[in-house]
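# Structural description and commentary
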Amino acid sequence: MALNKSMHPRNRYKDKPPDFAYLASKYPEFQQHVQTNLSGRVTLNFKDPEAVRALTCTLLKEDFGLSIQIPLERLIPTVPLRLNYIHWVEDLISDQGTGQGPRRGIDIGTGASCIYPLLGATMNGWYFLATEVDDICFNYATKNVEQNNLSDLIKVVKVPQKTLLMDALKEESSIIYDFCMCNPPFFANQLEAKGVNSRNARRPPPSSVNTGGETEIMAEGGELEFVKRIIHDSLQLKQRLRWYSCMLGKKCSLTPLKEELRKQGVSKVTHTEFYQGRTMRWALAWSFYDDVSVPSPPSKKRKTEKARKPLVFTVLQPTVRELQIKASSLPSSSSSSSPSPTSPTVGSKSSDVHTVTVWMEKTLSDLRVLHKRVPSGDAELSIFLTAVENTWVHMRQRRREHNRQQNRSLSPGTSSPPGTAPGSDTQPATAAHGAEKKNIPQPSGEGLQSATGDNKQGSNGQEAGAPGGDHEGLDVSMESTGTQEEVPVTPEAGRSTQEASAVPSSKEATAGLRPESPGRVQSFLFKSLLNVKAQEADVLVEMHWVEGQSKDLMNQLCTCLKNTLLRTASSPP
């Protein structure tokens, strides 16, 4: 998986990768290395050193106005990865302000391309001291600086083998440098450079060719010992440089190097990760200054974690129409604040979305799932929900038990007291009478609040409260369903004071009798966001995971919502 989205935020290639087709049309020397596949996509063979070199030279020319030459037998840098390092150095020295003169840096082992000094000087006007031990690299680096007219900002010096910082700074004893950069040799020997015994067998092979001279890719002890030598030089130079930094090719090198700095008493230490294509690199930086601002290292959480896909199901247009027909027979609420489930123009997309949303809100209320509508985009409705308990399992068993109780209460010769269903000492007689409207939700302050054919029993075996058409003046919020589970609703004037006080009025329902807001519940199974939107002639429902204990529970609830909508639409009127 490509890692371009995790590049440095200021990297110009992060959101706009190079357009090979455009570059090929503009630069003939690049055009000869591209191929067009059967789908019309322009591609480049990254296993071909000449193709990789052509891409690097073309990008530097197109995006930075730099003309360089690189021999094939020396390291060919990739521009996006080098840009990541430059931008990170910018972050390291950003706290120094702009009134302290031009920035000065050191590039240890600049290579034939001299790419870090060229980019730093061109983009930021930095002064560079660029060191090199290889004769061929030194000559090419010098020519590249001269032909881009940057000799006044970049000084390329030839240093002896195994020279890092100490010898390079002998003649620069009066200058305080802001930083040093280094792309050290990654490998200890030829076998390691070829990946023998050094690359995890599960990893895919490199996607690009490995070029570079012996001094560029190999050093005694590999990158680990090379950087340790820089650390030891820094212990002598200390505040001659504000920041010391190195790029690493192996993540396993990071921990021992940080441990080495800790042993030496260096407290100002940070690191980062560089992403480019399928390549990852790491970088380490440290300072002996107390006043420097240390950037935070990247989070341990993988930045390239895939976005979680929502659970999705579609409510087809015929099903939506059946739901609207059932909702159209609802009596009008006496409360002006109670919206009708078909308040938008019937047949419009907004009406379809509204209808599906209202029926789902009614099902969530029956399931005692806390929910509320939240702001959403155009042509869609959103519900934030919090599941505190699992009330949607064994729904079929609960419906059967509910139907059996109804049948016993309606059968002749029953021994139950008048107006009471068997197994319940509080259920009013009007509940059975109201069962005639069991598939039609009653509008309330926030949605629908009546029992359906899918309505479940309470945890004590009683049927949930089922207000019928005689109680249309009762304004109960959907979020207050937890208080209704055992509340008898009846218009009889002779009911007890205890029963009367248990029925919330419209004001009480909005004045503190509802449970906590879904977003503020401390203990919960999961939280999710429901988005209901139009999709051509149908309605699409998306369920997004927010947080919680188990995604399987959200999957179960999503299936329950879907099945309840289909069952409601297909049930007889």
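Worth saying up front: this structure is predicted, and the values here are computed from it rather than measured. (Residues numbered from 1 in each chain as written. Predicted model: local features only at pLDDT ≥ 70, side-chain atom pairs only at ≥ 80, totals over all residues. Heavy atoms only, no water.)

## As for the side chain of Glu273
Tracing the chain through its elements places Glu273 in strand S8 (residues 268-276). Within the structure, the side chain of Glu273 is placed 2.5 Å from the side chain of Tyr275, a separation counted as a polar contact. If sequence neighbours within four positions are ignored, Glu273 has contacts with Met280, Arg281, Trp282 and Pro298. (Helix = DSSP H or I, 4+ residues; strand = E, 2+ residues; numbered from the N terminus. Polar contact = N/O pair within 3.5 Å; in protein donor to acceptor, adjacent residues only side chain to side chain. Contact = heavy atoms within 4.5 Å.)

## Here's the deal with the sheet that holds strand S14 (residues 538-548)
Here five strands make up an open sheet; going across it, the order is S10-S14-S13-S12-S11 and the pairing antiparallel. A single partner strand is all that each edge strand has here, and the edge strands are strand S10 (311-315) and strand S11 (370-374). Across this sheet, the average inter-strand angle for adjacent strands is 20°, counted without regard to direction. Running at roughly 155° to strand S13 (residues 526-535), helix H12 (residues 349-366) makes contact with S10, S11, strand S12 (380-387), S13 and S14 of the sheet. (Pairing = 2+ DSSP bridges. Axes fitted to C-alpha atoms, helices over the stretch in contact; angles between N-to-C directions.)

## Digging into helix H11 (residues 317-328)
Taking 1.5 Å per residue as the helical rise, H11 with its twelve residues ought to reach 16 Å, and the 16 Å between its terminal C-alpha atoms agrees with that figure. Taken as a whole, H11 has its buried residues at Thr319, Val320, Leu323, Gln324, Lys326 and Ala327. One side of H11 holds all its buried residues, which, seen down the axis, span an arc of 160°. Within H11, the exposed residues directed more than 90 degrees away from the buried face are Pro318, Ile325 and Ser328. Buried positions along H11 lie against S10, H12, S14 and helix H17 (551-570). (Expected span 1.5 Å × (residues − 1). Buried < 20%, exposed > 50% of the residue type's maximum accessible area, 1.4 Å probe, protein only. Arc of directions from axis to C-beta.)

## Regarding the pairing of S13
As paired elements, S12 and S13 share eight bridges and run antiparallel to each other. Within S13, the position partnered with Ala387 by the bridge is Phe526. Between S13 and S14, which pair antiparallel one after the other, the connecting turn spans two residues, and Glu536 there sits at a positive phi close to 55°.

## So, the pattern of salt bridges
Going through the model one piece at a time under the given rule, you end up with 17 salt bridges. A salt bridge links Asp134 to Arg74; the nearest nitrogen and oxygen atoms lie 3.1 Å apart. With Asp134 in the loop between strand S4 (127-132) and helix H6 (135-147) and Arg74 in the loop between helix H3 (49-64) and helix H4 (79-92), this residue pair connects regions lying 60 residues apart in the sequence. Considered together, Asp134 and Arg74 belong to a single accessibility category, that of buried residues. Arg368 is the partner of Glu389 in a salt bridge, and the nearest nitrogen-oxygen pair spans 3.0 Å. Here Glu389, found in the loop between S12 and helix H13 (395-410), pairs with Arg368, found in the loop between H12 and S11; they are 21 residues apart in sequence, far enough to count as distant. In the salt-bridge network here, residues are joined through shared partners; they are Arg10, Glu90 and Asp91. (Salt bridge = Lys/Arg side-chain N within 4 Å of Asp/Glu carboxyl O.)

## Let's talk about the sheet that holds strand S3 (residues 104-108)
Pairing in this open sheet of seven strands is mixed, and the strands run S5-S4-S3-S6-S7-S9-S8 from one edge to the other. The open sheet is flanked by strand S5 (154-158) and S8, the only strands paired with a single partner. Across the sheet, the mean angle from the axis of one strand to that of its neighbour is 20°, orientation sign disregarded. Of the pairings in the sheet, the one linking S4 to S5 comprises five bridges and is parallel in character.

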